[in-house]
Amino acid sequence: MEQEIRALKAEKNAVVMAHNYQPPEIQALADVVGDSLELAVKAKEASADLIVVCGVRFMAETAKILNPDRKVVLPVEDAGCPLADFLTPEMIREARRQHPDSAVVVYVNSTAESKALADITCTSANAVRVVASLPNETILFGPDANLASYVQRELPEKTIVPLPPGGHCYVHTGFTLADVEAARKKGGMIVCHPECPPEIQAQADRVASTGGMVREAAAGGNEPWWVFTEREMASRLRVLYPGRIFYEKPEAVCADMKKISLDDLRRALEAGEHEVVLPTEVMDRARRAIERMIAVGA
Ligand code: 13P
Ligand code: SF4
């Protein structure tokens, strides 16, 4: 199967991009593995005829929006992100009516329609930098309320309005103070994703995006890490830094990230399934917001 996939990649002039939460066998066959910001930047630069995004729908949509002349496919059609579904275009329009002097920052974990209504997008790697770059005092920020509270703590001079107030990712809200206590008993550093609840962030030694975790682990240190995010992140870190200890929480599984199998990847390459198709005017408006974010940087 692996040989077949490699041969198909060459035959179709395809590039395979995988998020850090993808199963190890998919990551091993990908040309690019990274966090959502890294995948977006690479998708924009890609010159391949076919871009296969192994991740969830918003990642494939972002690739299509940034590189609309390429064919972009998501190997499993219903690999979604339940967090993205918390925010609707109507919520954004209504919040803008209530806060006319605000700016709207939409996390990339969102639908293309929501991005099209944003002033700028952000990822967990650059949320603080993006918000700091805006002149507005009030920022409407969605859909992740925990990431919003992280940005608020880092930038107390801003007023961050979470949109909606309870938007969250079920994988990250699964981390509890009992997990912190168990980790502290065993020893090591706790590194958590900013989608974790504020009380977990407050107890962690570091808060970082998945790409930030890769970079910070590269900076060295021999202490074991407790990786408080989707469990595949720990296996990615173990591949990158053999000999170091990274603990995961076995129950922290994003079901949608685990939908893509090697067989799905093979079919996506062979038959070009399932192509991402979006209305041009939605893509044009969303592209402005995403490119503005890329210009701000990581
Ligand atoms: P990153 O941007 O940190 O890779 O996070 C994406 C995500 O879906 C987190 O749950
Ligand atoms: Fe969405 Fe959470 Fe899965 Fe990330 S881990 S893709 S935020 S459901």
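Residues numbered from 1 in each chain as written. Chains lettered and ligands numbered in written order. Predicted model: local features only at pLDDT ≥ 70, side-chain atom pairs only at ≥ 80, totals over all residues. Heavy atoms only, no water.

Enquirer: Go over the site of ligand 2, please, and point to the residues and values.
Expert: Inspection of the region around ligand 2 gives Y21, V56, C81, P82, L83, N109, C169, V171, E195 and C254 as its neighbouring residues. Among the residues making up the shell around ligand 2, the classes are represented as 8 nonpolar, 1 polar and 1 charged. (Near = heavy atom within 4 Å. Nonpolar A, V, L, I, M, F, W, Y, C, P; charged D, E, K, R; others polar.)

Enquirer: Give me the lowdown on the side chain of T210, citing residues and values where you can.
Expert: If you trace the backbone, T210 turns up in helix α11 (residues 210–218). Among the polar contacts listed, one links the side chain of T210 to the side chain of N20, at a separation of 2.9 Å. When neighbours within four sequence positions are excluded, T210 is seen to be in contact with H19, N20, Y21, D35, H193 and M233. (Helix = DSSP H or I, 4+ residues; strand = E, 2+ residues; numbered from the N terminus. Polar contact = N/O pair within 3.5 Å; in protein donor to acceptor, adjacent residues only side chain to side chain. Contact = heavy atoms within 4.5 Å.)

Enquirer: Tell me about the site of ligand 1, residues and numbers included.
Expert: Looking at ligand 1, the residues that line it are H19, Y21, D35, S36, N109, S124, H172, H193, E195, S209 and T210. Within the side chain of Y21, one N or O atom sits 3.4 Å away from an oxygen atom of ligand 1. The side chain of S36 places a nitrogen or oxygen atom 2.4 Å from an oxygen atom of ligand 1. Partitioned by chemical class, the residues of the shell around ligand 1 number 1 nonpolar, 8 polar and 2 charged.

Enquirer: So what about the pairing of strand β7 (residues 138–142)? Which residues, and what values?
Expert: Most of β7 sits inside the fold, with 5 of its 5 residues counted as buried. Side chains T138, L140 and G142 project from β7 onto one buried face, and the interleaved I139 and F141 project onto a second face that is buried too. Direction of pairing for strand β5 (residues 103–107) relative to β7: parallel, over a ladder of 4 bridges. Residue pairing for β7: V105 is matched across the bridge by F141. (Buried < 20%, exposed > 50% of the residue type's maximum accessible area, 1.4 Å probe, protein only. Pairing = 2+ DSSP bridges.)

Enquirer: Give me the nonpolar core: which residues, what numbers.
Expert: Grouped together as the largest cluster of nonpolar side chains are 79 residues, with contacts concentrated most on V105, F141, W225, F228 and L237. Considering every element that reaches this core, the biggest residue donor is helix α4 (residues 57–66), with 6 residues. Apart from the residues lying within four places of it in its own chain, the contact partners of V105 are I120, C122, V130, V131, L134, I139, L140, F141 and G142. Counting residues in each nonpolar core, the second largest holds 19 residues, with A14, C54, A79 and I260 among its members. (Core = buried A, V, L, I, M, F, W, Y, C linked by side-chain atoms within 4.5 Å.)

Enquirer: Explain the side chain of E61 to me, and be specific about the residues and the numbers.
Expert: Inspection of the secondary structure puts E61 in helix α4. R57 is the oppositely charged side chain nearest to the buried, salt-bridge-free E61, at an N-O distance of 4.2 Å. Among the polar contacts made by the side chain of E61, one reaches the main-chain amide nitrogen of A112 at a distance of 3.3 Å. If we skip the residues at most four places from it in the chain, E61 touches T111, A112, V276 and L278. (Lys, Arg positive; Asp, Glu negative; His and termini not counted. Salt bridge = Lys/Arg side-chain N within 4 Å of Asp/Glu carboxyl O.)

Enquirer: Quick one: what's the story with the pattern of salt bridges, residue by residue and with numbers?
Expert: Counted by the stated rule, this structure contains 22 salt bridges. Taken together, the salt bridges that share partners define one network made up of E4, D263, D264, R266, R267, E270 and E273.

Enquirer: Account for the sheet that holds β5, with residues named and values stated.
Expert: The 4 strands lie next to each other as β6-β5-β7-β8, forming an open sheet whose pairing is parallel. This sheet does not close on itself; its edge strands, each paired only once, are β6 (120–122) and β8 (159–162). Between one strand axis and the next, the sheet turns through 30 degrees on average, direction left out of account. Against the sheet, helix α8 (residues 145–154) makes contact with β5, β7 and β8, and its axis sits at roughly 175 degrees relative to β8, the strand it touches most. (Axes fitted to C-alpha atoms, helices over the stretch in contact; angles between N-to-C directions.)

Enquirer: Explain helix α12 (residues 232–240) to me, using residue names and the numbers behind them.
Expert: Every α-helical turn comprises 3.6 residues, leaving residues that sit three or four positions apart pointing alike. E232, M233, A234, S235, R236 and L237 are the residues of α12 that are buried. The secondary structure elements touched by the buried residues of α12 are α2 (24–29), β2 (32–34), α11, β11 (225–228) and β12 (246–247).

Enquirer: So what's going on with the packing of aromatic side chains? Residues and values would help.
Expert: For the structure shown, the criterion picks out 4 aromatic pairs. Relative to F228, the ring of F175 lies with its centre 4.7 Å away and its plane at 25 degrees, an arrangement referred to as stacked. Of the two residues, F175 is situated in the loop between β8 and α9 (177–186) and F228 in strand β11; the sequence distance between them amounts to 53 residues. Overall, the relative accessible area of 2% leaves F175 in the buried class. Summarising the aromatic geometry, the rings of W225 and F246 are spaced 5.8 Å apart at their centres and angled 90 degrees between planes, so their arrangement reads as edge-to-face. Placement of the pair is W225 in strand β11 and F246 in strand β12, with a sequence separation of 21 residues. F246 carries the same exposure label as W225, and that label is buried. Counting every residue linked through ring pairs, the aromatic cluster contains W225, Y241 and F246. Against the face of W225 rests R244, its NZ or CZ located 5.9 Å from the ring centre. A cation over an aromatic ring shows up here: K249 above the ring of F175, its NZ or CZ 5.3 Å from the ring centre. (Phe/Tyr/Trp six-rings, centres within 6.5 Å; stacked < 30°, edge-to-face > 60°. Lys NZ or Arg CZ within 6 Å of the ring centre and 35° of its normal.)

Enquirer: Could you give an account of the sheet that holds β12, with specific residues and numbers?
Expert: Read from one edge to the other, the open sheet built from 4 strands follows the order β10-β9-β11-β12, with strand pairing classed as parallel. This sheet does not close on itself; its edge strands, each paired only once, are β10 (206–207) and β12. Two elements, β11 and β12, share 2 bridges in a ladder whose sense is parallel. Within the sheet, the bridge partner assigned to W226 lies in β12 and is Y247. Contacting β9 (189–192), β11 and β12, α9 runs over the sheet at an angle of about 165 degrees to β11. Each of β9, β10, β11 and β12 touches α11; the most contacted strand, β11, lies at about 170 degrees to it.

So, to be careful, I would describe these as geometric facts and stop short of saying anything about function.
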